[in-house]
Amino acid sequence: MQCPSCQRVVPLNDRGYCRLCCRQAHFVRSPHEAIDVIDANRHGQQLFIADLFRQKRPEPPRRPGRSGWPSQYPVAHRQLALVDLDRDYTTVRPAELMLPRPDLAAAIEDVLTDHARRHGWGKGLESLTRTAIRMLLATQDTPGAPITASTAAAVTTGRKLDNLKSVLEILTTAGMLDDDRQPTLDAYVERLIAGLPEPMTTELREWFGAMRDGSTAPPRSRPRNHATIRARIAHAAPAAHTWAATNGYSSLREVSRDDVIAIMPAGGYRYRQTLTALRALFRFLKARRKVFTNPTLRLRGPQAVNQPLPIDLDPVRDAMHSTKPARAALAALVAFHALRPKDVCALQLTDLRDGRLHLDERTILLADPVRATIAAWLEERGRRWPHTINPYLFINQHTAVRTSQVDPNWISTTIGFSAQAIREDRILHEAITTGDVRRLCDLFGLTVGGAERYTHTGPPDTMGKGFGSPNPAPN
């Protein structure tokens, strides 16, 4: 049929016009204006590519529960850079920078002010974070786009600002962070397997991926603990490097039983750890049909016994009488009640009630010296960080301005001695004194097998002396 607008004989739509005339009318019309197809095509037509004419861009995601946040941020488009250059932020004066999106800067400023007030930030940290965010907004290739974590790290490093965590917290709260950082575990594994030939590298990466993410394909498995993954990779990677350098192997399917025996370390503990890692590796590869045989089958080695040993308690006593409240409280809590470092990190203020410590399914009656040192620590905590909202009992200058736990290594560093070694010494002292497996399980949260490990160890004359009072029984 003939189109009334362009007079061509072409198929017409339900409005009685051809598609080209209708698209031209949509192109030239003003917003909220009725479409006159014939008048819109009076002065010619603009050809178009199908499915690209006046394509509506998706609206940026709205932030639920945030009033006052500009709905157009973050923007959906990206401006690609022609050349990626390293920027020098050391000579930039933040106060002189021009912000291309003032409304976005004002919205993030509101987020920063509210976050700093709720988390008890000091004026110094708030000012440093504001400076870094201002520089990030002023130097964006695409104003209004999410800011990458690597760019934030470059700004804080270049300006020698030790507040990267704070900057990332604000950007995350505002929904303006693009976290492009490589996980530390991935970087650690890549360093260990660097330099290995293919396909050996691919085989190790596939094994690592199954441990990290789990596997739904046979052999099915759940994700492993990161400490377990680090230990297994750390013991398997040196063996792979030896086979590649000495034997010239390019794949783990070339490894034989004699090759495995040749690289096994002499020490009992290292032998067991290496054999455990290689067994897990070749068991996985055999199940995935990456190797023909498992060279670790029926391999046996010396059985290393991880025997708990007593320690010199003089450094622990010095820590308990320290003038630093945090050090004294941590040392007393671990020395008297032998808590695990991770349990100390997880203690919250609400777990301490009526002179008792409520830990999981146990209730621990605190010794008098422990109560005194914890009371002194709580007074110091309130004096140094009166506005913190961190719910945990022990905090430091890094965690006081957020709601995360302290690191277990911080406990040992603060005490000046390994917290795990103190715990083992105290359990061993109780085991040799009483020899009661049930008592050890109740006092220290051990399994029966774990308690028997202590009751089968050493005579009493090898033990250090106690702290003047026995571990109280739980209520």
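Residues numbered from 1 in each chain as written. Predicted model: local features only at pLDDT ≥ 70, side-chain atom pairs only at ≥ 80, totals over all residues. Heavy atoms only, no water.

A. Broad picture of the packing of helix 7 (residues 184-193) against helix 8 (residues 200-213). Contact pair helix 7 / helix 8: the axes reach a minimum separation of 11 Å and the direction vectors enclose 155 degrees. What the angle tells us is that helix 7 and helix 8 run roughly antiparallel. Relative to helix 8, the crossing made by helix 7 is right-handed. Residues Leu-185, Asp-186, Val-189, Glu-190 and Ile-193 of helix 7 form the contact with helix 8, whose own contacting residues are Thr-201, Leu-204, Arg-205, Phe-208 and Arg-212. Grouping the amino acids of the contact of helix 7 with helix 8 by side-chain chemistry returns 5 nonpolar, 1 polar and 4 charged. (Axes fitted to C-alpha atoms, helices over the stretch in contact; angles between N-to-C directions. Helix = DSSP H or I, 4+ residues; strand = E, 2+ residues; numbered from the N terminus. Parallel < 35°, antiparallel > 145°, perpendicular 65-115°, else oblique. Left-handed = near helix turned anticlockwise from the far one by under 90°. Contact = heavy atoms within 4.5 Å. Nonpolar A, V, L, I, M, F, W, Y, C, P; charged D, E, K, R; others polar.)

B. Spatial organisation of the side chain of Thr-296. Looking at the element boundaries, Thr-296 is found in the loop between helix 11 (268-287) and helix 12 (314-320). What makes Thr-296 buried here is its relative accessible area of 2%. Looking at Thr-296, its side chain comes within polar contact range of the side chain of Asn-294, at 2.6 Å. Apart from residues no more than four positions distant in its own chain, Thr-296 is found in contact with Val-260, Leu-278, Arg-279 and Phe-282. (Buried < 20%, exposed > 50% of the residue type's maximum accessible area, 1.4 Å probe, protein only. Polar contact = N/O pair within 3.5 Å; in protein donor to acceptor, adjacent residues only side chain to side chain.)

C. Highlighting the pattern of salt bridges. Considering all chains together, one arrives at 18 salt bridges under this definition. For Asp-114, the salt bridge identified is with Arg-117, shortest N-O distance 2.7 Å. Taken together, the residues span about one helical turn, with Asp-114 and Arg-117 both in helix 3 (residues 102-118) at a distance of 3 residues. The exposure class of Arg-117 is exposed, given its relative accessible area of 58%. Where Asp-314 meets Arg-317, a salt bridge forms, and the shortest distance between an N and an O atom there is 3.1 Å. Placement of the pair is Asp-314 and Arg-317 together in helix 12, with a separation of 3 residues, close to one helical turn. Residue class for Asp-314 comes out partly exposed when judged on its relative accessible area of 43%. When salt bridges that share partners are traced, they join Glu-109, Glu-126 and Arg-130 into one network. (Salt bridge = Lys/Arg side-chain N within 4 Å of Asp/Glu carboxyl O.)

D. Spotlight on the side chain of Asp-425. Mapping Asp-425 onto the fold places it in helix 17 (residues 419-434). Accessibility expressed as a relative area gives 0% for Asp-425, which makes it buried. Reaching out from Asp-425, the side chain makes a polar contact with the side chain of Arg-426 at a distance of 2.7 Å.

E. How the structure looks around helix 18 (residues 437-444). All of the buried residues along helix 18 are Leu-440, Cys-441, Leu-443 and Phe-444. Those residues of helix 18 hidden inside the fold are in contact with helix 13 (325-337), strand 5 (362-365), helix 17 and helix 19 (448-455). Measuring from the backbone nitrogen of Arg-438 back to the side-chain oxygen at the start of helix 18 gives 3.0 Å, which picks out Asp-436 as the cap. Looking one or two residues beyond helix 18, the residue adopting positive phi is Gly-445, at roughly 70 degrees.

F. Geometry of the pairing of strand 5. Burial along strand 5 is one-sided: the residues Arg-362 and Ile-364 are buried and none of Thr-363 and Leu-365 is. Pairing of strand 4 (residues 356-359) with strand 5, which is carried by 4 bridges, proceeds in the antiparallel orientation. Each bridged residue has a counterpart across the sheet, and for Arg-356 the counterpart in strand 5 is Leu-365. Hairpin connection from strand 4 to strand 5: 2 residues lie between these consecutive antiparallel strands, with Asp-360 at a positive phi of about 55 degrees. (Pairing = 2+ DSSP bridges.)

G. Summary view of the nonpolar core. Membership of the largest hydrophobic core comes to 37 residues, with the highest contact counts inside it found for Leu-333, Phe-394 and Ile-415. Going through the elements one at a time, helix 12, helix 13, helix 14 (341-346), strand 4, helix 15 (368-384), helix 16 (408-415) and helix 17 are the ones with two or more residues in this core. Ranked by the residues each element gives to this core, the list is headed by helix 13, at 9 residues. In this view, Phe-394 contacts Ala-326, Ala-329, Leu-330, Leu-333, Val-344, Trp-377, Val-406 and Trp-410; residues no more than four positions away in its chain are not counted. In this structure, Leu-185, Met-211, Ile-233 and Leu-275 belong to the second largest nonpolar core, which totals 34 residues. (Core = buried A, V, L, I, M, F, W, Y, C linked by side-chain atoms within 4.5 Å.)

H. View of the packing of helix 4 (residues 123-138) against helix 6 (residues 164-174). Here helix 4 crosses helix 6 at 65 degrees, and the two axes come no closer than 9 Å. Helix-helix and strand crossings are classified by hand; for helix 4 and helix 6 the assignment is right-handed. Across the interface between the two elements, Leu-125, Thr-129, Ala-132, Ile-133 and Leu-136 from helix 4 touch Ser-166, Val-167, Ile-170 and Leu-171 from helix 6. Here the contact of helix 4 with helix 6 is composed, by residue class, of 7 nonpolar, 2 polar and no charged.

I. View of the sheet that holds strand 5. With antiparallel pairing, 3 strands are arranged side by side in an open sheet as 3-4-5. Unpaired on one side and paired on the other, strand 3 (352-353) and strand 5 mark the two borders of the sheet. Where strand 3 lies against strand 4, 2 bridges are found, and the strand directions are antiparallel. Paired with Leu-352 across the two strands is Leu-357, which belongs to strand 4.

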